[in-house]
Amino acid sequence: MTPIDPPFTAFRFDVVLDLDKETADLAGPLCEAAFAECDGLEMTMQTRKLDVGGMNDRQIHLIGPVTYGQLTLKRGMTDNLQLWRWFTLGTRPGSVLTAHGHVTMRAADGTPALRFTLTGCLPVRMRAPGLNARDGLVAVEELGLVYERLDIGLPDGPGPGTVPAGPATVGGGAG
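Residues numbered from 1 in each chain as written. Predicted model: local features only at pLDDT ≥ 70, side-chain atom pairs only at ≥ 80, totals over all residues. Heavy atoms only, no water.

Engineer: Residues and numbers for the pattern of salt bridges, please.
Structural biologist: What the rule picks out here adds up to nine salt bridges. Ionic pairing is found between glutamate 37 and arginine 75, a salt bridge with its closest N-O pair at 2.2 Å. With glutamate 37 in strand β2 (residues 31-39) and arginine 75 in strand β5 (residues 70-77), this pair connects stretches of sequence that are 38 residues apart. With relative accessibility at 33%, the residue arginine 75 sits in the partly exposed group. (Salt bridge = Lys/Arg side-chain N within 4 Å of Asp/Glu carboxyl O. Helix = DSSP H or I, 4+ residues; strand = E, 2+ residues; numbered from the N terminus. Buried < 20%, exposed > 50% of the residue type's maximum accessible area, 1.4 Å probe, protein only.)

Engineer: Any chance you could break down the environment of arginine 115 for me, citing the residues and the numbers?
Structural biologist: Summarising the element assignment, arginine 115 is placed in strand β7 (residues 112-127). What makes arginine 115 buried here is its relative accessible area of 14%. Taking the C-alpha atoms as reference points, arginine 115 and methionine 105, 10 residues apart in sequence, are found 6.2 Å from one another. Engagement of the side chain of arginine 115 in a polar contact is seen with the side chain of threonine 104, the distance being 3.0 Å. (Polar contact = N/O pair within 3.5 Å; in protein donor to acceptor, adjacent residues only side chain to side chain.)

Okay, here's the thing in structure tokens:
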């Protein structure tokens, strides 16, 4: 980081999801919503240790497969029921309704600063909010997603060391 680069902030972000293949029952975008929390943007590489005879002062580590976390979005506001329909339609036998999307972190002034691109997303958990007349309207209390791949880059294009992960919908709400 150079002295003129501002630090990335995590308090403003957008979430956009869209189907990989549109269906007659579901139109895109699935989600252009504002969520209060986003957790699970995670990659872990499994390594294998290699012991080499005569090299007692070091260990050799070989790269292995990468596993990805489960994205959890909490307390979301959306103006449609597309996320709920996606989950419901995806539970039908033989139905595979994958999606792609991104989470864009925004600077304090609202400009896009960093983008996480998700591919091969499937919903694994939907939770409605508790119903209470005293509380405000929240459409989705919790949405859990698994994903096949996670890439990170600048909002204008792939960053160094990233590989484009396929189509991504541009847009977003306020987070």
